[in-house]
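A look at the structure
Here is how the chains run, residue by residue.
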Amino acid sequence: MARSIAFREALREAMSEEMRRDDRVFLMGEEVAEYNGAYKVSQGMLAEFGPKRVIDTPIAELGFAGIAVGAAQNGLRPIVEFMTWNFAVLALDQILNTASKMLAMSGGQIGCPIVFRGPNGSAGQLGAQHSTAFESYYANIPGIKVISPSNPYDAKGLMKAAIRDEDPVMFMESEVMYGDKGEVPEEEYIIEIGKADVKKQGSDVTIVSYNKMMKVALGAAAELEKEGVSAEVVDLRTIRPLDWHTILESVKKTNRLVIVEEQWPMCSVSSEIAYRIQKEAFDYLDAPIRRLTAADAPLHYAPNLVEAALPSVDKTVRLVKEVMYMKK
Amino acid sequence: MASKFSKETYLYWYELMLLIRQFELAAEEKYKMEGKIRGFFHAYVGQEAIAAGVMTATRQEDPFVTAYRDHGLALAKGMSPESCMAELYGKATGCAKGKGGSMHFFGKKEYFFGGHGIVGAQIGTGAGLAFAEKYKGTDNVSLTFFGDGAARQGILHEVFNMAMTWKLPAIFICENNNYAMGTSVTRTSNVHDIFKLADAYEMPADSVDGMSAEAVHDAISRAVKRAREGGGPTLLEIKTYRYKGHSISDPQKYRTKEEVEEYKQRDPIQLVLNTIQKNKYATKDEIAAIDKRVNDKVAAAVKFAEESPFPTEDEVLKDIVMTPDYPFIVD
Ligand SMILES: Cc1ncc(C[n+]2csc(CCOP(=O)(O)OP(=O)(O)O)c2C)c(N)n1
Ligand SMILES: [Mg+2]
């Protein structure tokens, strides 16, 4: 039976179910326990699991990430919540230089099964230091996996997969999606890491997106439908490993590709997709692959500058029309 | 009994603290009631005596740097209420052209190196400001403000070690308001007296009553004197309290109303006003005139902010690098 629950509840269910199933799993981070989570993702978890397994940390990202990375090497399965991924930058040393490289350096002896999770990307007028989208940063790192879901169903299934995964997994959420509701079955399910999902079938153009930009992609597809353009919308869900086969199959059908994401443009997820698709589907393309990214600048505070810097439904519709060679 | 400081000092403190408080109360109103200010907004209400005390113990050229709870220190440094209010509104006339918002006030002219959003990061910046003063051969000292929560970041230790080794003219001010968001100071460490963290580096340190502008002034003066004379850094743990939530959206379930009320009994503005009244430094009418002047300034700041334009859209790609004609990626 499916019921409608919020994104934050879906994540909470995933973590709680896995913690009931496996006592090696624990949650640590700032304000996760007594405050019930800065964004209430972990609400009630301290009450259920107690302070041994739901652990408040000081503001010390490098230190607690390091402790978790050590614990993961020594038989535990930590979930580390970052209040946002902006603050995880302090812990990048542990993630990049230790967690991602343990298996390789130890010749396959010592792995690091750990989940780092938290909200990512912009969330309104939060200014330059609280608005960075980090998928492309982490996607660059061999040895880790990067998940960035767009709805409660995917979030729950992928979170459970992430916790059971043997490798370090970066799990990117969004402040502005935690309240979003969606259908989630009562029964247990797991979504395989590394599989994109076609969220809307279409025949004229493929729009690829992920995380909250999926709303923009789907919104644009709905607008385009009114004008007789049938857009297929692919939700990546996992950024690394990248499921380019699903994009390829779609592009073979539509012959056109637009990518919508919140990364900065240089070395972004769209850069990688564009490379892969031109290589694998050169003969299928009827137009250049195009993309919408965040502006090539830190996000400013003023409301109109936020709007101008980020992808929108309007901008996506316009871009799709360009690749369709339609009048605007 | 004669007061410790001059009449002028008390009147300056009173007017400055009142300005900070009224500015923030007005801004909070605009945030909550009219939605004209957005994003994170962290009020300094309750902590004003720190801004007052540091101002009379330092000079304009002494650079300040702080975290996101930055309105009070920006105003204290002499940044105009107009430019600060306009920044909250995201207007082009703001102190950062509407690009920073509440957490990122900046005023180079006033030697205010800003409001920073990554907890603890400014501890490094502040020591760097001091490094530059020493390098340039001035006798200016830097003042670095950070919270009790920030005191648990690793950067504090790395920077304390170097600042002490290199005798940087830096004053590290931990504004201990007892909470980092919902976490009380006693839950973040085994060491509850933050000033003791300096011991590991043999850095001079002290605990200071942050509700008293006098106490803050005295402690800062001692530290400033030592730093100007080449004696190196000091850590001051200033015990204060924030009356408001961590930010506007905080439901504050981690503390009782009684606790907040108790601190309000020692309101820093009221304490200064008591001294003024007791010593007859100002008549009732003169105090009313100060109150009016402050309220007028705040009202003018709001009007200025409301009437100012938003930045133009081409500002998205401005102030990113100094290089003219930089080749931004535009698809
Ligand atoms: C590196 C980093 N981690 C977490 C946060 C989220 N955060 C913002 S303020 C804050 C609490 C800081 O408390 P404290 O240092 O005591 O300063 P106060 O807010 O009390 O002035 C936290 C956890 C952040 N901005 N940066
Ligand atoms: Mg604090």
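Residues numbered from 1 in each chain as written. Chains lettered and ligands numbered in written order. Predicted model: local features only at pLDDT ≥ 70, side-chain atom pairs only at ≥ 80, totals over all residues.

1. A short note on the overall build of chain A
- Helices and strands together make up the secondary structure of chain A, namely 13 helices and 14 strands.
- Out of the 328 residues belonging to chain A, those deemed buried represent 56%.
- The long-range fraction of contacts in chain A, counting pairs at least 24 apart against all pairs at least 6 apart in sequence, stands at 80%. (Helix = DSSP H or I, 4+ residues; strand = E, 2+ residues; numbered from the N terminus. Buried ≥ 20, exposed ≤ 12 C-beta atoms within 10 Å, placed from the backbone. Contact = placed C-beta atoms within 7 Å.)

2. What about the overall build of chain B?
- Counting secondary structure elements, chain B contains 10 helices and eight strands.
- Taking 20 Å as the expected radius of gyration for a compact globule of 331 residues, we find that chain B reaches 20 Å, a close match to that expectation.
- Projected onto the principal axes, the alpha-carbon positions of chain B cover approximately 60 × 50 × 45 Å.
- When the 331 residues of chain B are sorted by exposure, 53% land in the buried category. (Rg over C-alpha atoms; globule rule 2.2 N^0.38 Å.)

3. What to know about the domain arrangement of chain A
All names here are of chain A.
- Domain annotation for chain A reports domain 1 (2-185) and domain 2 (197-323).
- Between the C-alpha centres of domain 1 and domain 2 the distance comes to 26 Å.
- Of all the secondary-structure elements, those providing two or more residues to the side of domain 1 that touches domain 2 are α7 (135-139), β6 (145-147) and α8 (152-164). (Domains from an automatic or database assignment.)

4. Some remarks on the pairing of strand β1 (residues 64-67) of chain B
All names here are of chain B.
- Strand direction decides the pairing type here: β1 and strand β2 (residues 112-116), joined by three bridges, are parallel. Bridging across to β2, A67 finds its partner in H116.
- Of the pairings in the sheet, the one linking β1 to strand β3 (residues 142-147) comprises two bridges and is parallel in character. Within the sheet, the bridge partner assigned to V65 lies in β3 and is T144. (Pairing = 2+ DSSP bridges.)

5. Brief notes about the site of ligand 1
- Around ligand 1 there are 20 residues in total, and F87 of chain A together with V119, G147, G149 and A180 of chain B lie nearest to it.
- Ligand 1 is flanked by residues contributed from chains A and B.
- Looking at the shell around ligand 1, its residues break down into 10 nonpolar, six polar and four charged. (Near = placed C-beta within 6 Å. Nonpolar A, V, L, I, M, F, W, Y, C, P; charged D, E, K, R; others polar.)

6. Concerning the interface of chain A and chain B
- If you look at the interface, chain A gives 32 residues, while chain B gives 38 residues.
- Mapped onto the side of chain A that touches chain B, the elements with two or more residues apiece are α3 (61-73), β14 (290-292) and α12 (303-309) of chain A.
- Sorting elements by how many residues they give to the side of chain A that touches chain B places α12 of chain A first, with five residues.

7. Here we look at helix α11 (residues 269-281) of chain A
Residue and element names in this part refer to chain A.
- For α11, with 13 residues, the first-to-last C-alpha span of 18 Å sits near the 18 Å given by 1.5 Å per residue.
- Those residues of α11 not exposed but buried are V269, S270, I273 and I277. Along the axis of α11, the buried positions cluster into a sector of 85 degrees, meaning they face one direction only. Opposite the buried face of α11, by more than 90 degrees, sit the exposed residues Y275 and K279.
- In this structure, the buried side of α11 is in contact with α7, β10 (205-209), β12 (238-240), α10 (244-254), β13 (257-260) and β14. (Expected span 1.5 Å × (residues − 1). Arc of directions from axis to C-beta.)

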